[in-house]
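Structural overview
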Amino acid sequence: MGRRLEAWRKETKEGYAGLAWFVFFAMVLAGPGLLAYQAYRWLRWGAWHTISVRDWLEWASFGTPRVGWVGVQRIIDFLLSLPLWLVTPAVGILLLWLFFWGPEDRRRERERAATFSNS
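Residues numbered from 1 in each chain as written. Predicted model: local features only at pLDDT ≥ 70, side-chain atom pairs only at ≥ 80, totals over all residues. Heavy atoms only, no water.

**What to know about the confidence of the model for the chain**
Looking at the chain, pLDDT values average 82 and 77% of them are 70 or higher. Model confidence for the chain, summarised as mean pLDDT per element, is weakest for helix 1 (residues 2-15) at 64 and strongest for helix 4 (residues 70-81) at 94. (pLDDT = per-residue confidence, 0-100. Helix = DSSP H or I, 4+ residues; strand = E, 2+ residues; numbered from the N terminus.)

Printed below as a string of structure tokens:
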């Protein structure tokens, strides 16, 4: 059962690799695209309007999280105030890393290294 599960995981991962790369490039290119859109608005109307993560969440009707702890709320508010053009490529890079080189692959590498060192 273990070998079949491993084969299925490998096949699934290889099947979704193209999708993962597409999402990565879309998110990385969205950052400069958003920055160019903001520059266009500044050149056209003379006012710079930064599009923050909070603005995007409100536009997408997700709302913003509220918690009871003041320190945690300040961290959330800081992260939501970051410019979307900066956060989008960072999230794309993080997702690509998690897909291809995430914790499961790191665990396998450590197990292989331990096997080779014990031989």
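Right, picking up where we left off after that structure.
**A few points about unusual backbone geometry**
Within the chain, Ser61 stands out as a residue other than glycine whose phi angle is a positive 65°. Relative to the helices and strands, Ser61 is located in the loop between helix 3 (53-59) and helix 4.

**Quick look at helix 2 (residues 17-45)**
Helix length check: helix 2 (29 residues) gives 42 Å between terminal C-alpha atoms against 42 Å at 1.5 Å per residue, within 8%. Taken as a whole, helix 2 carries its principal kink of about 25° at Ala30; the proline Pro32 stands between one and four residues after it. Remark: Gly46 follows helix 2 within two positions and exhibits a positive phi of approximately 75°. (Expected span 1.5 Å × (residues − 1). Bend = angle between axes of the 7 residues up to and from the residue.)

**Notes on the packing of helix 2 against helix 5 (residues 84-101)**
In the contact formed by helix 2 and helix 5, the axes pass within 7 Å of each other and the chain directions differ by 170°. Taken together, the axis directions place helix 2 and helix 5 in an arrangement best described as roughly antiparallel. The segment helix 2 lies against helix 5, with Ala17, Ala20, Trp21, Phe24, Met27, Val28, Ala30, Gly31, Leu34, Leu35 and Gln38 engaging Leu84, Trp85, Thr88, Pro89, Val91, Gly92, Ile93, Leu95, Leu96, Phe99 and Phe100. Here the residues of the contact of helix 2 with helix 5 are counted per class, giving 18 nonpolar, four polar and no charged. (Axes fitted to C-alpha atoms, helices over the stretch in contact; angles between N-to-C directions. Parallel < 35°, antiparallel > 145°, perpendicular 65-115°, else oblique. Contact = heavy atoms within 4.5 Å. Nonpolar A, V, L, I, M, F, W, Y, C, P; charged D, E, K, R; others polar.)

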